[in-house]
Amino acid sequence: MDNPFRFGGIVGGADFCNRQLERSELRQAIDNGDCLFLHSERRMGKTSLVSQVTSELDSTSYLPIYMDAWTTDSVNSFTLALARAVGRRLNMNLEHLLESLRNAFSRLIPSLTVDAAGQTQLQFHLTTDNDSARTLQDVIEGIYRIAREQSRRIVIVIDEFQRVLDFDSDEIERQLRSCIQQHRGVAWFFLGSKRHLLRGMFQDPARPLYRLGIHYPLQVIDKEHWRPFIRHRFEASGIDLRDTQLEEILRISGGHPYYTQHLCHTVWDMCPSNEVPESLVSQAQTRLLEREGDTFSAQWEALTMTQQRLLLGISSQDAPVRPFASEFIKQWNLSTPSTVQRGIEALLTRDLVDRNEDGYFVLDRFLSAWLKRRMAES
(Lines give C-alpha, C1' and ligand atoms only; values in the text may rest on other atoms or scores of the structure.)
Protein backbone atom coordinates (compact mmCIF):
# COMPACT_ATOMS: atom_id res chain seq x y z
CA MET A 1 0.00 0.00 0.00
CA ASP A 2 1.24 3.49 -0.84
CA ASN A 3 2.13 5.79 2.02
CA PRO A 4 -1.05 7.89 2.61
CA PHE A 5 0.78 11.04 3.74
CA ARG A 6 1.99 13.52 1.12
CA PHE A 7 4.48 16.37 1.49
CA GLY A 8 7.05 18.33 -0.49
CA GLY A 9 4.93 19.19 -3.52
CA ILE A 10 1.45 20.43 -4.32
CA VAL A 11 -0.98 18.45 -2.18
CA GLY A 12 -4.57 18.20 -3.34
CA GLY A 13 -7.74 16.13 -3.39
CA ALA A 14 -8.10 13.60 -0.59
CA ASP A 15 -4.49 14.26 0.48
CA PHE A 16 -5.38 17.85 1.38
CA CYS A 17 -6.33 18.44 5.01
CA ASN A 18 -9.33 20.67 5.69
CA ARG A 19 -8.77 24.45 5.24
CA GLN A 20 -12.52 24.76 4.64
CA LEU A 21 -12.69 28.32 5.97
CA GLU A 22 -9.71 29.46 3.91
CA ARG A 23 -11.07 27.80 0.79
CA SER A 24 -14.42 29.55 1.25
CA GLU A 25 -12.78 32.95 1.80
CA LEU A 26 -10.48 32.61 -1.21
CA ARG A 27 -13.39 31.54 -3.38
CA GLN A 28 -15.27 34.66 -2.26
CA ALA A 29 -12.24 36.79 -3.15
CA ILE A 30 -12.24 35.27 -6.64
CA ASP A 31 -15.94 35.98 -7.14
CA ASN A 32 -15.42 39.56 -5.96
CA GLY A 33 -12.47 40.09 -8.30
CA ASP A 34 -10.32 41.03 -5.32
CA CYS A 35 -6.61 41.63 -5.04
CA LEU A 36 -5.30 39.38 -2.26
CA PHE A 37 -1.85 39.10 -0.64
CA LEU A 38 -1.50 35.59 0.76
CA HIS A 39 1.65 35.04 2.78
CA SER A 40 2.98 32.54 5.27
CA GLU A 41 6.18 30.90 6.32
CA ARG A 42 7.66 28.38 3.91
CA ARG A 43 5.96 25.03 3.34
CA MET A 44 2.69 26.16 4.91
CA GLY A 45 0.80 25.04 1.81
CA LYS A 46 0.00 28.35 0.08
CA THR A 47 0.33 26.94 -3.43
CA SER A 48 -1.55 23.77 -2.49
CA LEU A 49 -4.38 25.80 -0.98
CA VAL A 50 -4.79 28.05 -4.02
CA SER A 51 -4.45 25.06 -6.36
CA GLN A 52 -7.19 23.26 -4.43
CA VAL A 53 -9.47 26.30 -4.66
CA THR A 54 -8.90 26.90 -8.39
CA SER A 55 -9.30 23.18 -9.20
CA GLU A 56 -12.87 23.39 -7.87
CA LEU A 57 -13.84 26.25 -10.21
CA ASP A 58 -16.19 25.73 -13.15
CA SER A 59 -13.98 26.00 -16.24
CA THR A 60 -16.81 27.57 -18.27
CA SER A 61 -16.97 30.54 -15.90
CA TYR A 62 -13.43 30.81 -14.54
CA LEU A 63 -9.92 30.78 -15.98
CA PRO A 64 -7.22 30.29 -13.31
CA ILE A 65 -3.66 31.21 -14.38
CA TYR A 66 -0.60 30.35 -12.30
CA MET A 67 2.81 31.99 -12.61
CA ASP A 68 5.95 31.50 -10.49
CA ALA A 69 7.92 34.74 -10.26
CA TRP A 70 10.91 33.03 -8.66
CA THR A 71 12.64 32.37 -12.00
CA THR A 72 12.25 35.94 -13.26
CA ASP A 73 14.99 38.55 -12.91
CA SER A 74 13.72 41.72 -14.61
CA VAL A 75 10.57 43.53 -15.68
CA ASN A 76 10.85 42.03 -19.16
CA SER A 77 11.32 38.44 -17.96
CA PHE A 78 8.37 38.89 -15.57
CA THR A 79 6.23 40.22 -18.43
CA LEU A 80 7.14 37.34 -20.75
CA ALA A 81 6.50 34.78 -17.99
CA LEU A 82 3.09 36.29 -17.30
CA ALA A 83 2.16 36.24 -21.00
CA ARG A 84 3.27 32.59 -21.34
CA ALA A 85 1.24 31.62 -18.28
CA VAL A 86 -1.86 33.17 -19.84
CA GLY A 87 -1.29 31.64 -23.26
CA ARG A 88 -0.79 28.13 -21.89
CA ARG A 89 -4.18 28.20 -20.20
CA LEU A 90 -6.18 29.23 -23.26
CA ASN A 91 -7.85 26.15 -24.71
CA MET A 92 -7.84 26.89 -28.45
CA ASN A 93 -6.48 25.41 -31.64
CA LEU A 94 -2.98 26.67 -32.36
CA GLU A 95 -3.91 29.05 -35.18
CA HIS A 96 -6.70 30.62 -33.15
CA LEU A 97 -4.44 30.80 -30.09
CA LEU A 98 -1.74 32.78 -31.89
CA GLU A 99 -4.30 35.16 -33.35
CA SER A 100 -5.94 35.71 -29.98
CA LEU A 101 -2.58 36.36 -28.29
CA ARG A 102 -1.52 38.84 -30.98
CA ASN A 103 -4.75 40.76 -30.41
CA ALA A 104 -4.43 40.66 -26.63
CA PHE A 105 -0.72 41.49 -26.40
CA SER A 106 0.04 43.97 -29.14
CA ARG A 107 3.62 44.60 -28.02
CA LEU A 108 4.64 40.92 -27.98
CA ILE A 109 5.24 38.49 -30.82
CA PRO A 110 3.91 34.97 -30.03
CA SER A 111 5.35 31.88 -31.70
CA LEU A 112 5.26 28.11 -31.39
CA THR A 113 8.36 25.92 -31.27
CA VAL A 114 8.94 22.18 -30.89
CA ASP A 115 11.31 21.02 -28.16
CA ALA A 116 13.63 17.98 -28.20
CA ALA A 117 10.83 15.77 -26.88
CA GLY A 118 8.53 16.78 -29.74
CA GLN A 119 6.30 18.93 -27.53
CA THR A 120 4.91 22.21 -28.82
CA GLN A 121 6.09 25.19 -26.74
CA LEU A 122 4.60 28.66 -26.66
CA GLN A 123 7.13 31.50 -26.73
CA PHE A 124 6.94 35.28 -26.81
CA HIS A 125 9.45 37.82 -28.12
CA LEU A 126 9.67 41.52 -27.48
CA THR A 127 9.08 43.97 -30.31
CA THR A 128 11.93 46.20 -31.41
CA ASP A 129 10.48 49.00 -29.28
CA ASN A 130 11.76 47.61 -25.99
CA ASP A 131 9.89 49.84 -23.55
CA SER A 132 9.51 47.48 -20.59
CA ALA A 133 6.94 49.60 -18.74
CA ARG A 134 4.63 49.96 -21.75
CA THR A 135 4.98 46.26 -22.60
CA LEU A 136 4.06 45.19 -19.08
CA GLN A 137 1.10 47.57 -19.09
CA ASP A 138 -0.04 46.13 -22.43
CA VAL A 139 0.12 42.54 -21.12
CA ILE A 140 -1.81 43.36 -17.95
CA GLU A 141 -4.47 45.22 -19.91
CA GLY A 142 -4.51 42.34 -22.42
CA ILE A 143 -5.49 40.00 -19.58
CA TYR A 144 -8.55 42.17 -18.93
CA ARG A 145 -9.36 42.12 -22.66
CA ILE A 146 -9.25 38.30 -22.66
CA ALA A 147 -11.52 38.21 -19.60
CA ARG A 148 -14.12 40.37 -21.36
CA GLU A 149 -13.90 38.42 -24.63
CA GLN A 150 -14.30 35.05 -22.95
CA SER A 151 -16.86 36.23 -20.37
CA ARG A 152 -14.91 34.36 -17.74
CA ARG A 153 -13.52 35.45 -14.38
CA ILE A 154 -9.74 35.25 -14.67
CA VAL A 155 -7.73 34.44 -11.55
CA ILE A 156 -4.05 35.40 -11.77
CA VAL A 157 -1.92 33.64 -9.15
CA ILE A 158 1.64 34.97 -8.89
CA ASP A 159 3.74 32.82 -6.58
CA GLU A 160 6.87 34.12 -4.78
CA PHE A 161 5.80 37.63 -5.70
CA GLN A 162 8.36 39.22 -3.35
CA ARG A 163 10.92 38.32 -6.01
CA VAL A 164 10.14 41.60 -7.80
CA LEU A 165 11.78 43.47 -4.90
CA ASP A 166 15.12 42.28 -6.28
CA PHE A 167 14.56 44.08 -9.59
CA ASP A 168 16.07 47.46 -10.46
CA SER A 169 12.78 49.36 -10.19
CA ASP A 170 9.26 49.17 -8.78
CA GLU A 171 7.77 49.29 -12.28
CA ILE A 172 5.86 46.02 -11.86
CA GLU A 173 4.15 47.20 -8.70
CA ARG A 174 3.25 50.57 -10.24
CA GLN A 175 1.79 49.04 -13.41
CA LEU A 176 -0.19 46.49 -11.42
CA ARG A 177 -1.65 49.15 -9.17
CA SER A 178 -2.67 51.34 -12.11
CA CYS A 179 -4.39 48.53 -14.01
CA ILE A 180 -6.05 46.91 -10.98
CA GLN A 181 -7.53 50.26 -9.91
CA GLN A 182 -8.82 51.01 -13.41
CA HIS A 183 -10.31 47.64 -14.38
CA ARG A 184 -12.51 44.92 -12.95
CA GLY A 185 -13.13 41.30 -13.87
CA VAL A 186 -9.80 39.77 -12.80
CA ALA A 187 -8.85 38.48 -9.35
CA TRP A 188 -5.19 38.82 -8.39
CA PHE A 189 -3.56 36.55 -5.81
CA PHE A 190 -0.02 37.47 -4.78
CA LEU A 191 1.70 34.69 -2.83
CA GLY A 192 4.90 34.96 -0.83
CA SER A 193 6.97 32.92 1.60
CA LYS A 194 9.23 35.75 2.77
CA ARG A 195 6.56 37.25 4.93
CA HIS A 196 8.40 40.34 6.13
CA LEU A 197 9.04 41.31 2.49
CA LEU A 198 5.52 40.69 1.20
CA ARG A 199 3.99 42.40 4.23
CA GLY A 200 6.15 45.43 3.52
CA MET A 201 4.87 45.64 -0.05
CA PHE A 202 1.31 46.38 1.08
CA GLN A 203 1.93 47.90 4.53
CA ASP A 204 4.60 50.44 3.59
CA PRO A 205 2.99 53.75 2.47
CA ALA A 206 5.99 54.35 0.19
CA ARG A 207 5.30 51.21 -1.88
CA PRO A 208 2.99 51.35 -4.95
CA LEU A 209 0.82 48.45 -3.75
CA TYR A 210 0.18 49.99 -0.32
CA ARG A 211 -3.23 48.84 0.97
CA LEU A 212 -4.31 47.82 -2.52
CA GLY A 213 -5.86 44.52 -1.54
CA ILE A 214 -6.69 42.02 1.19
CA HIS A 215 -4.00 41.07 3.67
CA TYR A 216 -4.31 37.27 4.15
CA PRO A 217 -1.77 35.55 6.41
CA LEU A 218 -2.02 31.75 6.28
CA GLN A 219 -1.72 30.01 9.64
CA VAL A 220 -1.13 26.41 10.73
CA ILE A 221 -4.02 23.95 10.55
CA ASP A 222 -5.85 23.52 13.85
CA LYS A 223 -5.21 20.27 15.69
CA GLU A 224 -8.94 19.54 15.75
CA HIS A 225 -8.78 19.19 11.96
CA TRP A 226 -5.57 17.19 11.94
CA ARG A 227 -6.75 14.56 14.45
CA PRO A 228 -9.48 12.95 12.30
CA PHE A 229 -7.35 13.30 9.14
CA ILE A 230 -4.33 11.52 10.64
CA ARG A 231 -6.34 8.92 12.54
CA HIS A 232 -8.38 7.97 9.45
CA ARG A 233 -5.25 7.53 7.31
CA PHE A 234 -3.58 5.23 9.78
CA GLU A 235 -6.79 3.27 10.37
CA ALA A 236 -7.41 2.90 6.62
CA SER A 237 -3.94 1.33 6.42
CA GLY A 238 -4.82 -1.10 9.20
CA ILE A 239 -2.44 0.60 11.65
CA ASP A 240 -3.38 1.45 15.22
CA LEU A 241 -2.03 4.86 16.31
CA ARG A 242 -2.63 5.66 19.99
CA ASP A 243 -4.12 9.00 20.99
CA THR A 244 -0.96 9.84 22.95
CA GLN A 245 1.15 9.20 19.86
CA LEU A 246 -1.14 11.36 17.72
CA GLU A 247 -0.80 14.20 20.22
CA GLU A 248 2.98 13.76 20.23
CA ILE A 249 3.04 14.12 16.43
CA LEU A 250 1.02 17.35 16.65
CA ARG A 251 3.17 18.68 19.52
CA ILE A 252 6.31 18.18 17.45
CA SER A 253 4.89 19.58 14.19
CA GLY A 254 2.79 22.35 15.72
CA GLY A 255 0.09 21.69 13.11
CA HIS A 256 2.33 22.94 10.29
CA PRO A 257 1.18 21.08 7.13
CA TYR A 258 4.61 20.13 5.77
CA TYR A 259 6.09 18.96 9.07
CA THR A 260 2.91 17.16 10.12
CA GLN A 261 2.62 15.23 6.87
CA HIS A 262 6.37 14.54 6.77
CA LEU A 263 6.47 13.18 10.33
CA CYS A 264 3.34 11.06 9.76
CA HIS A 265 4.86 9.77 6.50
CA THR A 266 8.00 8.68 8.37
CA VAL A 267 6.09 7.07 11.25
CA TRP A 268 3.98 5.14 8.73
CA ASP A 269 7.11 3.99 6.85
CA MET A 270 8.88 2.87 10.02
CA CYS A 271 5.91 1.04 11.56
CA PRO A 272 6.85 -2.68 11.68
CA SER A 273 3.32 -4.05 12.20
CA ASN A 274 -0.32 -3.01 12.51
CA GLU A 275 0.44 -1.21 15.78
CA VAL A 276 2.74 1.80 16.23
CA PRO A 277 5.37 0.93 18.89
CA GLU A 278 5.48 3.20 21.93
CA SER A 279 8.67 5.08 21.05
CA LEU A 280 8.30 5.16 17.26
CA VAL A 281 7.23 8.82 16.99
CA SER A 282 10.39 9.89 18.79
CA GLN A 283 12.47 7.56 16.61
CA ALA A 284 10.86 9.01 13.47
CA GLN A 285 11.70 12.54 14.58
CA THR A 286 15.32 11.48 15.23
CA ARG A 287 15.54 9.98 11.73
CA LEU A 288 14.25 13.20 10.16
CA LEU A 289 16.71 15.33 12.14
CA GLU A 290 19.57 13.05 11.10
CA ARG A 291 18.59 13.37 7.45
CA GLU A 292 18.60 17.17 7.73
CA GLY A 293 21.70 17.32 9.91
CA ASP A 294 24.14 18.34 7.17
CA THR A 295 21.84 21.13 5.98
CA PHE A 296 21.31 22.43 9.51
CA SER A 297 25.04 22.30 10.24
CA ALA A 298 25.80 24.34 7.11
CA GLN A 299 23.20 26.93 8.09
CA TRP A 300 24.59 27.08 11.63
CA GLU A 301 28.21 27.47 10.58
CA ALA A 302 27.34 30.34 8.23
CA LEU A 303 26.13 32.45 11.18
CA THR A 304 28.15 34.83 13.33
CA MET A 305 28.48 34.14 17.05
CA THR A 306 25.81 36.73 17.87
CA GLN A 307 23.41 35.24 15.32
CA GLN A 308 24.02 31.76 16.73
CA ARG A 309 23.27 32.93 20.26
CA LEU A 310 20.10 34.62 19.07
CA LEU A 311 18.95 31.54 17.19
CA LEU A 312 19.64 29.30 20.19
CA GLY A 313 17.76 31.66 22.49
CA ILE A 314 14.74 31.89 20.22
CA SER A 315 14.64 28.12 19.67
CA SER A 316 14.93 27.41 23.41
CA GLN A 317 11.28 28.34 23.94
CA ASP A 318 8.21 26.66 22.50
CA ALA A 319 6.42 30.04 22.36
CA PRO A 320 7.57 33.15 20.47
CA VAL A 321 10.38 35.06 22.18
CA ARG A 322 10.96 38.78 22.77
CA PRO A 323 14.72 39.04 22.16
CA PHE A 324 14.96 42.75 23.02
CA ALA A 325 13.98 42.13 26.65
CA SER A 326 16.83 42.84 29.05
CA GLU A 327 16.53 39.37 30.63
CA PHE A 328 16.93 37.68 27.25
CA ILE A 329 19.91 39.88 26.30
CA LYS A 330 21.62 39.09 29.58
CA GLN A 331 20.86 35.35 29.49
CA TRP A 332 22.28 34.90 25.98
CA ASN A 333 25.21 37.31 26.36
CA LEU A 334 24.09 39.64 23.55
CA SER A 335 25.59 42.89 24.93
CA THR A 336 23.18 45.57 23.57
CA PRO A 337 19.75 45.97 21.91
CA SER A 338 21.46 47.33 18.77
CA THR A 339 23.47 44.10 18.55
CA VAL A 340 20.24 42.14 18.81
CA GLN A 341 18.63 44.31 16.11
CA ARG A 342 21.42 43.63 13.63
CA GLY A 343 21.35 39.93 14.43
CA ILE A 344 17.57 39.69 14.07
CA GLU A 345 17.69 41.45 10.71
CA ALA A 346 20.29 38.95 9.49
CA LEU A 347 18.20 35.97 10.66
CA LEU A 348 15.09 37.42 8.98
CA THR A 349 17.00 37.90 5.73
CA ARG A 350 18.20 34.29 5.88
CA ASP A 351 14.62 33.09 6.47
CA LEU A 352 15.64 31.41 9.72
CA VAL A 353 13.23 33.31 11.98
CA ASP A 354 10.00 35.24 11.64
CA ARG A 355 7.82 37.28 13.95
CA ASN A 356 4.19 37.64 14.94
CA GLU A 357 2.42 39.79 17.51
CA ASP A 358 3.86 37.68 20.35
CA GLY A 359 7.51 37.76 19.31
CA TYR A 360 10.08 35.89 17.20
CA PHE A 361 10.22 32.17 16.43
CA VAL A 362 12.34 29.74 14.38
CA LEU A 363 10.65 29.07 11.06
CA ASP A 364 11.80 25.48 10.52
CA ARG A 365 10.27 23.20 13.19
CA PHE A 366 12.90 20.56 12.53
CA LEU A 367 15.72 23.10 12.80
CA SER A 368 14.29 24.23 16.13
CA ALA A 369 14.22 20.64 17.38
CA TRP A 370 17.78 20.09 16.08
CA LEU A 371 18.99 23.15 18.00
CA LYS A 372 17.25 22.00 21.19
CA ARG A 373 19.03 18.64 20.93
CA ARG A 374 22.29 20.39 20.24
CA MET A 375 21.90 22.44 23.43
CA ALA A 376 20.90 19.36 25.45
CA GLU A 377 23.98 17.48 24.29
CA SER A 378 26.45 20.32 24.94
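This is a predicted model, so every value here is computed, not measured.

Cut-off values and rules
- Residues numbered from 1 in each chain as written.
- Predicted model: local features only at pLDDT ≥ 70, side-chain atom pairs only at ≥ 80, totals over all residues.
- Heavy atoms only, no water.
- Pairing = 2+ DSSP bridges.
- Helix = DSSP H or I, 4+ residues; strand = E, 2+ residues; numbered from the N terminus.
- Axes fitted to C-alpha atoms, helices over the stretch in contact; angles between N-to-C directions.
- Contact = heavy atoms within 4.5 Å.
- Core = buried A, V, L, I, M, F, W, Y, C linked by side-chain atoms within 4.5 Å.
- Buried < 20%, exposed > 50% of the residue type's maximum accessible area, 1.4 Å probe, protein only.
- Polar contact = N/O pair within 3.5 Å; in protein donor to acceptor, adjacent residues only side chain to side chain.
- Phe/Tyr/Trp six-rings, centres within 6.5 Å; stacked < 30°, edge-to-face > 60°.
- Lys NZ or Arg CZ within 6 Å of the ring centre and 35° of its normal.

## Focus on the sheet that holds strand β5 (residues 153-159)
Here five strands make up an open sheet; going across it, the order is β2-β5-β6-β1-β7 and the pairing parallel. Every other strand in the sheet has two partners, leaving β2 (62-68) and β7 (214-217) as the edge strands with one partner each. For this sheet, the mean angle separating the axes of adjacent strands, direction not counted, is 20°. Where β2 lies against β5, seven bridges are found, and the strand directions are parallel. Counted as the bridge partner of Leu-63 is Ile-154 from β5. Across the sheet, helix α5 (residues 132-150) touches β2, β5 and β6 (186-192), and the angle it forms with β6 is around 135°.

## Section: the nonpolar core
When a protein is soluble and globular, its nonpolar side chains tend to lie buried together. Of all hydrophobic cores here, the largest spans 52 residues; its most connected members are Ile-230, Phe-234, Val-267 and Leu-311. Residues Ala-69, Leu-80, Ile-146 and Trp-188 belong to the second largest nonpolar core, which totals 48 residues.

## Some remarks on the pairing of strand β4 (residues 120-126)
Note: strand β3 (residues 108-114) against β4, seven bridges, orientation antiparallel. Pairing of Pro-110 across the sheet is with Phe-124, part of β4. Here β3 folds back onto β4, and the loop between the two strands holds five residues, one of which, Gly-118, carries a positive phi near 85°.

## Regarding the side chain of Thr-72
Position of Thr-72 among the secondary structure elements: in the loop between β2 and α3 (75-89). The class of Thr-72 is buried, set by a relative accessible area of 2%. Reaching out from Thr-72, the side chain makes a polar contact with the backbone oxygen of Ala-69 at a distance of 2.7 Å. Not counting the four nearest positions on each side in its chain, Thr-72 is found in contact with Met-67, Ser-77, Phe-78, Ala-81, Arg-163 and Phe-167.

## Observations concerning the packing of aromatic side chains
The tally for this structure, following the rule as stated, stands at 13 aromatic pairs. The interplanar angle of 40° and the centroid separation of 6.4 Å between the aromatic rings of Phe-328 and Trp-332 together place this pair among those described as tilted. Across the ring face of Tyr-258, the terminal group of Arg-43 is positioned such that the distance to the ring centre comes to 4.4 Å. It is Arg-163 that lies over the ring of Trp-70; its NZ or CZ is 5.6 Å from the centre.

## A short note on the environment of Lys-194
Positionally, Lys-194 belongs in the loop between β6 and α7 (195-203). Classification of Lys-194 by relative accessible area gives partly exposed; the value is 24%. Lys-194 sits 153 residues away from Glu-41 along the chain, and the two C-alpha atoms are 6.7 Å apart. Residue contacts for Lys-194: discarding those within four places in its chain leaves Gln-162, Thr-349 and Asp-351.

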